[in-house]
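Spelled out, the chains give:
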Amino acid sequence: MNNIGRAVGLVVGGAVSFAVFETARGEPKFYSNILMPTLQKIISAETAHNLAVKAMKYAPVKKCNNLDVLRTKVWGKDFSNPVGIAAGFDKHAEAMTGLSRIGFGFIEIGSVTPLPQDGNDKPRVFRLSEDEAVINRYGFNSVGHEVVASRLKTWRDYDKNTILGVNLGKNKTSPDHKGDYVSGIRNLGEFADYIVINVSSPNTPGLRKLQGETFLRDLLYDIKCAKDEEKFPRNPILLVKIAPDLDDKDLNDIANVITDKTYGVDGLIISNTTISRPDHLVNHNKNETGGLSGKPVKNMSTSLVRKMYSLTKGNIPIVGVGGIASGADAYEKIKAGASLVQFYTSLIYNGPPIVSTIKSELAELLEKDGYSCVNEAIGADHLK
Ligand SMILES: Cc1cc2nc3c(=O)[nH]c(=O)nc-3n(C[C@H](O)[C@H](O)[C@H](O)COP(=O)(O)O)c2cc1C
């Protein structure tokens, strides 16, 4: 080999070794400034998603120490920290172990539909890098209850402690939406610490209308009966996930339903993706059909958390989700009324180290303001 060949080999070898070393070390800046943007240039959003789920099985980044100030208790359940992975990343229950190892305080899988279905045609996920956002129209691609139940059973045999949420959807062509959710409770409830009734995905025709008061009462009544009948040992609690595109009347109606003890709703997840398109979006993908997530949803979802916390007088725990990419973003949602928070889109742009970054920044902010635990800060804005 001539000198040029040796030099090229040295440079390429050095770059690869550096990349492998930094990937394993989990250096946040390496992920957000080099690794993730490079991957985004060479592979599509959906391929990157699939690879990330596979990689997560091996948890490439070590878990950071849990910080005492972040320990919290909600619905009588102990969380090592209040930061969870939102639904949509691990749709098919493949990566619970890795997600827990990289430091999430709780994990939500799904949405899962009763029968397997392919979802919408590809492409169906679009990055809006300049906007720190994503538009997706997956349309509930799912392996179905049976496969997910068997994966969760295997996993639960050796992990009894991780707090798991199971997010339920309905099949696109199912004529019986209530039956779809009820079968989700019956088939997957035994593995869950909480169950999410997702009536807010924008990519399944007619789904969002289930957020309307009459539909919601009807649906939740059947769900509560099924849950009461099953008497699952983990006693999963019931959450409803709502859209950020609701008006004040919709919010009032939902607050009336979920505070009515008849329906046994224990909490809300606020919010799903938005169908709106703020004027400030710049990326060429901004007009793709689907749900927009990430930074542009941040203030919409925080403002909904704030309103719902007021409407429910702080009596219904809220999981705040939408555009969280820093400890300050998480703290904002907590002070507006969230007991727990979740994120997904910022993981796409920053990779696994973002989990530790958000947690340590949040711990610092809580301590700086003199709080000894998360609970003390929940809804703090409403005391002003
Ligand atoms: C690619 C993608 C797929 C998603 N799939 C689901 C889903 O299946 N069920 C669901 O309830 N939410 C789903 N979501 C919504 C997220 O759980 C979350 O509510 C939303 O993205 C806002 O949070 P974020 O800005 O941190 O991503 C999905 C989001 C993305 C980006």
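All values derive from a computational prediction rather than experimental measurement.

Visitor: Lay out the overall build of the protein with the relevant residues and their values.
Guide: For the protein, the count of helices and strands is 13 helices and 13 strands. The C-alpha radius of gyration of the protein comes to 21 Å, within 12% of the 21 Å expected for a compact globule of 384 residues. The proportion of buried residues among the 384 residues of the protein is 55%. Considering only residue pairs separated by 6 or more positions, the protein has 75% of its internal contacts joining residues 24 or more positions apart. Summed over all atoms, the accessible surface of the protein reaches about 16700 Å², with 54% contributed by carbon and sulfur. Averaged over its 47 positive side-chain charges, the protein has a centre that lies 3 Å from the centre of its 43 negative ones.

Visitor: If you had to explain the nonpolar core to someone new, which residues and values would you point to?
Guide: I109, L152 and I242 are the most contacted members of the largest nonpolar core, which totals 92 residues. Residue contacts for L152: discarding those within four places in its chain leaves A93, M96, I109, L164, V166, L188 and F191.

Visitor: So what about the sheet that holds strand 7 (residues 164-168)? Which residues, and what values?
Guide: Sheet architecture is closed into a barrel: eight strands sit in the order 3-4-7-8-9-10-12-13, paired in parallel fashion. With direction set aside, neighbouring strand axes in the sheet form an average angle of 25°.

Visitor: Tell me what's going on with the domain arrangement of the protein, and back it up with residues and numbers.
Guide: One frequent convention defines the size of an interface as the accessible area lost when the parts assemble. Taken as a whole, the protein is organised into domain 1 (8-42) and domain 2 (44-383). Just the C-alpha atoms count here: the centres of domain 1 and domain 2 sit 31 Å apart.

Visitor: Could you give me a rundown of the sheet that holds strand 11 (residues 291-294), with the residues and numbers involved?
Guide: Here we have three strands laid out as an open sheet, ordered 5-6-11, and antiparallel in their pairing. Looking at strand neighbours, the two that pair on one side only are strand 5 (125-128) and strand 11, the edges of this open sheet. Ignoring which end each strand starts from, the neighbouring axes of this sheet average 25° apart. Where strand 5 meets strand 6 (residues 133-136), four bridges bridge the pair, whose relative direction is antiparallel. Across the sheet, V125 pairs through a bridge with N136, a residue of strand 6.

Visitor: Could you give an account of the site of the ligand, with specific residues and numbers?
Guide: The local shell around the ligand holds 22 residues, among which A87, S111, G294, G323 and T345 are the closest. A distance of 2.9 Å separates an oxygen atom of the ligand from a polar atom in the side chain of K241. When the ligand is considered free in solution it has 600 Å² of accessible area, and contact with the protein chains removes 98% of it. Contributing elements (two or more residues each) for the shell around the ligand: strand 4 (106-112) and strand 11. The class makeup of the residues in the shell around the ligand is six nonpolar, 14 polar and two charged.

Visitor: Residues and numbers for the packing of helix 6 (residues 177-188) against helix 7 (residues 213-230), please.
Guide: In contact at an axis separation of 9 Å, helix 6 and helix 7 are set at 25° when each is read in the N-to-C sense. One way to sum up the angle between helix 6 and helix 7 is to call them roughly parallel. Crossing of helix 6 against helix 7: the hand is right-handed. For the pair formed by helix 6 and helix 7, the contact residues are H177, K178, Y181, V182, I185 and R186 on the first element and D218, L219, D222, I223, A226, K227, E229 and E230 on the second. For the contact of helix 6 with helix 7, a count of residues per class yields six nonpolar, one polar and seven charged.

Visitor: So, unusual backbone geometry: which residues are in play, and what are the values?
Guide: With an omega of 10°, the peptide bond running from G110 to S111 counts as cis. Position of S111 among the secondary structure elements: in strand 4. Cis rather than trans, the peptide bond between I270 and S271 has omega equal to 15°. When you line up the elements, S271 lands in the loop between strand 10 (267-270) and strand 11.

Visitor: Give me the lowdown on the pairing of strand 7, citing residues and values where you can.
Guide: Summarising burial for strand 7: five of the five residues are buried, a large majority. With five bridges connecting them, strand 4 and strand 7 associate as parallel partners. Pairing of G110 across the sheet is with N167, part of strand 7. Two elements, strand 7 and strand 8 (residues 194-198), share four bridges in a ladder whose sense is parallel. Residue pairing in the sheet places L168 in a bridge with I197 of strand 8.

Visitor: Can you explain the packing of helix 9 (residues 298-311) against helix 10 (residues 327-336)? Please cite residues and give values.
Guide: Running from N to C, helix 9 and helix 10 cross one another at 20°; their axes reach a closest spacing of 8 Å. As the angle between them shows, helix 9 and helix 10 are arranged roughly parallel. Every pair of crossing elements has a handedness; the one defined by helix 9 and helix 10 is right-handed. For the pair helix 9 and helix 10, contact is made by K298, N299, S301, T302, V305, R306 and Y309 and by D329, E332, K333 and A336, respectively.

Visitor: If you had to explain the side chain of S174 to someone new, which residues and values would you point to?
Guide: Residue placement: S174 occurs in the loop between strand 7 and helix 6. The exposure class of S174 is buried, given its relative accessible area of 17%. A distance of 3.1 Å separates a polar atom in the side chain of S174 from a polar atom in the side chain of D180.

What counts, and where the lines are drawn
Residues numbered from 1 in each chain as written. Predicted model: local features only at pLDDT ≥ 70, side-chain atom pairs only at ≥ 80, totals over all residues. Heavy atoms only, no water. Helix = DSSP H or I, 4+ residues; strand = E, 2+ residues; numbered from the N terminus. Rg over C-alpha atoms; globule rule 2.2 N^0.38 Å. Buried < 20%, exposed > 50% of the residue type's maximum accessible area, 1.4 Å probe, protein only. Contact = heavy atoms within 4.5 Å. Areas by Shrake-Rupley, 256 points an atom, 1.4 Å probe, with all protein chains shown as cover. Lys, Arg positive; Asp, Glu negative; His and termini not counted. Charge placed at Lys NZ, Arg CZ, Asp CG, Glu CD. Core = buried A, V, L, I, M, F, W, Y, C linked by side-chain atoms within 4.5 Å. Pairing = 2+ DSSP bridges. Axes fitted to C-alpha atoms, helices over the stretch in contact; angles between N-to-C directions. Domains from an automatic or database assignment. Near = heavy atom within 4 Å. Polar contact = N/O pair within 3.5 Å; in protein donor to acceptor, adjacent residues only side chain to side chain. Nonpolar A, V, L, I, M, F, W, Y, C, P; charged D, E, K, R; others polar. Parallel < 35°, antiparallel > 145°, perpendicular 65-115°, else oblique. Left-handed = near helix turned anticlockwise from the far one by under 90°.

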